[in-house]
Amino acid sequence: MTNSIVELDEMGKGDTIFAIGTNTTECHPIIGLGMLRAVERGASLIVADPRATTLTQHASVWLRLKPGTDAALLNGLAHLLVQSGQVDRAFIDAKTEGYDAFAKTVEAYTPEFCEAITSVSKEALMHAADILGKSRHTATYYTMGITQHTSGVENVCAVSNLVLLTGQLGRAKTGVNPLRGQNNVQGACDMGALPDVVTGYQKIGDAEVRSRYADVWGVSLPNGKGLTIPEVFDGAIEGCVKAIYVFGENPLRSDPDIHHVEKALDHTEFLVVQDIFLTETAQKADVVLPGASFAEKEGTFTNTERRVQRVRKAVEPVGESRPDWKILSDLMEKMGLEIKHTTPEEVFDEMRGLTPSYGGITYNRLENESLQWPCPHEEHPGTPILHQDGCMRGKGRFVPVEHRDPAELPDEAYPFRLTTGRVTAHYHTGTMTRRCGGLEGVNPCERVEIHPEDAAFYGIGSGDRVEVATRRGAIETAVEITRRVPRGLLFVTFHYSESPGNRLTTSAADPVTGTPELKVCAAKIRKIERASSENGAVCGGTI
């Protein structure tokens with residue numbers, strides 16, 4: 001995030017929250033609560049989401065777009081702002097580049113043209129653009145509803161374009177604010193858990209960066225980009241990836257097209273899984289290394305607003321489980337590397353010595369201060385707001401983008417669009433939350449959401465069991481007949497092993513990042529002609 005979550009507490013009349021591709025109240029409930037409180041104080045709320053959510057109920061404008069049409073929607077808003085002159089010309093001239101080519105691109109995205117692509121009425125689009133054009137401060141939030149598409153990079157660029165166009169950057173209560181999908185995803189990425197960087201997003205292809213790491217580690221670093229997750233699994237099937245080390249992840253449920261993932265794991269000669277529970281992926285492992293949970297270890301987490309926070313051990317690790325850093329250190333020693341650090345703080349100090357954005361953050365400072373990177377030295381107060389003196393790259397760059405259809409669209413054989421997401425009670429693949437009786441009781445099983453008119457057409461009633469199928473596979477599930485989804489759209493989660501939603505999703509991915517298109521594919525549904533099981537009777541319903 002460019003800005004801080006606490007700024008939501010300062011938003012009110014004259015300010016705007018633009019939430020696109022994010023079901024914030026369910027997936028980030030604390031942040032969602034902050035948004036709702038801002039609305040109560042008079043802030044405008046624009047929501048772009050195909051499903052009815054708690055946020056849409058409080059929205060000044062709800063832009064109910066088809067999944068996979070985000071870039072067209074954002075270009076349509078930009079078109080209206082340019083045409084009406086509701087742009088920050090001073091900001092554009094002083095702090096951006098590429099405006100003319102961008103403005104030329106959005107000329108074609110008239111309200112009528114956008115309505116044909118997105119299904120959002122021109123009246124709603126014009127209302128939203130007017131709010132954005134008049135807003136004193138606009139904070140834009142997005143999540144995987146923007147990124148998990150084959151056009152994910154273009155979608156993010158379209159969000160950025162709109163922020164630059166209105167000058168809503170580098171000030172309090174503004175910014176581009178991506179909400180990360182899991183705890184410490186930000187921290188993991190900061191630490192180099194990406195195929196082309198080391199810590200702090202320093203490029204592995206930079207010889208100077210490699211040299212600094214080589215001096216500290218005593219080994220040479222490879223000069224070349226690593227593999228994305230889809231490339232790893234493809235490589236396993238092709239035989240060029242021989243071993244996979246899965247660390248705190250359950251790809252056999254969280255990744256798309258899990259038949260493909262299972263085939264890749266079955267082809268892997270040596271599979272190691274390090275986790276706190278015996279997940280579906282761990283059950284396939286040659287070796288399982290039991291890690292420690294957050295409450296059983298020392299360290300830091302970095303949250304979605306770049307805030308580094310201390311994690312302190314509350315209880316001893318269970319059984320033979322151990323903190324992750326210790327497992328990894330012992331492995332490296334057995335592979336011949338001399339390990340000098342003996343505590344998590346020493347590991348952190350080595351990291352910050354190599355990472356300019358973390359250079360000024362210490363365990364001692366974290367005891368008494370709240371620090372957000374970049375924090376380059378120990379006298380630096382941290383950076384709550386990015387880009388205050390202009391964009392960190394120099395000038396903000398407008399990137400013209402065009403609408404591209406998703407990799408898979410409905411047809412006669414598969415007439416529905418299927419999208420996936422989460423529910424409040426469960427987290428990711430349910431590895432932890434489904435072991436909690438209270439949370440499991442709230443949402444005990446999968447329930448595919450279908451519009452009442454679609455349900456009637458297929459003879460589906462409350463309490464029925466149905467089969468949802470795509471070109472990759474099928475799942476059996478209970479059904480929820482609800483107007484949360486429009487006609488032609490089905491919604492499932494990926495929390496449930498007995499009805500794994502990612503058996504259905506496509507492995508088509510963004511060509512730049514490798515992020516899979518989990519948010520849209522073509523599907524069909526049929527009623528299962530037999531008596532409802534007890535599970536179906538409990539979980540099915542009509543809303």
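In case you missed it, the structure is sitting above this.
Residues numbered from 1 in each chain as written. Predicted model: local features only at pLDDT ≥ 70, side-chain atom pairs only at ≥ 80, totals over all residues. Heavy atoms only, no water.

Below, the discussion takes up the pattern of salt bridges. Counted by the stated rule, this structure contains 38 salt bridges. Lys527 serves as the salt-bridge partner of Asp464, at 3.6 Å between the closest nitrogen and oxygen. Within this pair, whereas Asp464 is found in the loop between helix 20 (452-457) and strand 16 (465-469), its partner Lys527 is found in strand 19 (residues 521-527), the two being separated by 63 residues in sequence. If you follow the salt bridges from partner to partner, you end up with Arg51, Arg447, Glu449, Glu480 and Arg484 in one network. (Salt bridge = Lys/Arg side-chain N within 4 Å of Asp/Glu carboxyl O. Helix = DSSP H or I, 4+ residues; strand = E, 2+ residues; numbered from the N terminus.)

Along the chain, Trp373 connects to Pro374 via a cis peptide bond; the corresponding omega equals 5°. One non-glycine residue, Ser119, adopts positive backbone phi at about 75°. Topologically, Ser119 is positioned in the loop between helix 7 (111-118) and helix 8 (122-134). Residue classification places Ser119 among the partly exposed residues on the basis of a relative accessible area of 43%. Residues other than glycine seldom take positive phi values, yet Tyr201 does so here, at roughly 65°. Relative to the helices and strands, Tyr201 is located in the loop between helix 11 (185-190) and helix 12 (207-217). (Buried < 20%, exposed > 50% of the residue type's maximum accessible area, 1.4 Å probe, protein only.)

Within the secondary structure, Gly299 sits in strand 10 (residues 299-302). Residues Gly299 and Asp349 lie 50 residues apart in sequence; the distance between their C-alpha atoms is 11 Å. For Gly299, the residues in contact, after removing those within four places along its chain, are Gln309, Arg310, Val311 and Tyr363. (Contact = heavy atoms within 4.5 Å.)

Further remarks concern the packing of helix 4 (residues 70-84) against helix 10 (residues 152-166). Packing of helix 4 against helix 10 leaves a shortest axis separation of 9 Å and a crossing angle of 15°. One way to sum up the angle between helix 4 and helix 10 is to call them roughly parallel. Remark: the crossing between helix 4 and helix 10 carries left-handed chirality. Facing Asp70, Ala71, Leu74, Leu77, Ala78, Leu81 and Val82 of helix 4, the residues of helix 10 in contact are Asn155, Ala158, Val159, Leu162, Leu165 and Thr166. Looking at the contact of helix 4 with helix 10 residue by residue, the class counts come to ten nonpolar, two polar and one charged. (Axes fitted to C-alpha atoms, helices over the stretch in contact; angles between N-to-C directions. Parallel < 35°, antiparallel > 145°, perpendicular 65-115°, else oblique. Left-handed = near helix turned anticlockwise from the far one by under 90°. Nonpolar A, V, L, I, M, F, W, Y, C, P; charged D, E, K, R; others polar.)

Burial of strand 16 is extensive: four of the five residues sit out of reach of the surface. Taken together, the five bridges between strand 16 and strand 17 (residues 474-481) define a ladder with antiparallel strand orientation. Opposite Glu467, over in strand 17, you have Glu476 as the bridge partner. Hairpin connection, strand 16 to strand 17: the antiparallel pair is bridged by four residues. Of the pairings in the sheet, the one linking strand 16 to strand 19 comprises four bridges and is antiparallel in character. Each residue of the ladder has a partner; that of Glu467, found in strand 19, is Arg526. (Pairing = 2+ DSSP bridges.)

Turning our eyes to something else, we now look at the sheet that holds strand 6 (residues 176-178). Taken together, five strands build an open sheet; the order of strands is 3-2-1-5-6 and the sheet is parallel. Where the open sheet ends on each side, the last strands, each with one partner, are strand 3 (61-63) and strand 6. Strand-to-strand twist across the sheet, computed as the mean angle between neighbouring axes with direction ignored, equals 15°. For strand 1 (residues 15-20) and strand 2 (residues 44-48), the ladder comprises five bridges, and the chain directions are parallel. Paired with Ala19 across the two strands is Val47, which belongs to strand 2. Its contacts with the sheet put helix 4 on strand 1, strand 2 and strand 3, and the angle it makes with strand 1 is roughly 155°. Contacts from helix 10 reach strand 1, strand 5 (137-142) and strand 6 within the one sheet, and its direction differs from that of strand 5 by about 175°.

What follows concerns the packing of helix 4 against helix 6 (residues 99-106). In the contact formed by helix 4 and helix 6, the axes pass within 9 Å of each other and the chain directions differ by 105°. On the basis of their axis angle, the class for helix 4 and helix 6 is roughly perpendicular. Here helix 4 contributes Asn75, Ala78, His79 and Val82 to the contact with helix 6, which in turn contributes Tyr99, Phe102 and Val106.

Before going further, it helps to spend a moment on the environment of Ile244. The residue Ile244 is located in strand 7 (residues 243-247) in this model. Residue Ile244 is classed as buried on the basis of its relative accessible area of 9%. Once residues lying within four places of it in the same chain are set aside, the contact partners of Ile244 are Val232, Phe233, Ala236, Leu265, Thr268, Phe270, Leu271 and Val272.

This part covers helix 10. Helix length check: helix 10 (15 residues) gives 22 Å between terminal C-alpha atoms against 21 Å at 1.5 Å per residue, within 8%. Counting buried positions over the 15 residues of helix 10 gives eleven, a clear majority of the element. Within helix 10 the residues assigned to the buried category are Gly152, Asn155, Cys157, Ala158, Val159, Asn161, Leu162, Val163, Leu164, Leu165 and Thr166. Positive backbone phi, at 65°, marks Gly167, one or two positions downstream of helix 10. (Expected span 1.5 Å × (residues − 1).)

An order of 7-8-9 is seen for the three strands of this open sheet, with the pairing classed as parallel. The open sheet terminates on both sides in strands that have one partner only, identified here as strand 7 and strand 9 (287-290). Neighbour to neighbour, the strand axes of the sheet diverge by 10° on average, direction disregarded. Pairing of strand 7 with strand 8 (residues 270-275), which is carried by five bridges, proceeds in the parallel orientation.

On to the packing of aromatic side chains, then. All chains considered together, the criterion is met by ten aromatic pairs. Here the aromatic rings of Tyr99 and Phe398 are separated by 5.6 Å at their centres, their planes lie at 70°, and the arrangement is edge-to-face. Within this pair, whereas Tyr99 is found in helix 6, its partner Phe398 is found in the loop between strand 13 (396-397) and strand 14 (416-421), the two being separated by 299 residues in sequence. The same class applies to Tyr99 as to Phe398, namely buried. Measuring from centroid to centroid gives 6.2 Å for Tyr201 and Trp373, while their planes differ by 40°, and the two rings are tilted. Placement of Tyr201 in the loop between helix 11 and helix 12 and of Trp373 in the loop between strand 12 (371-372) and strand 13 is noted, with a sequence separation of 172 residues between them. A relative accessible area of 13% places Trp373 in the buried class. (Phe/Tyr/Trp six-rings, centres within 6.5 Å; stacked < 30°, edge-to-face > 60°.)

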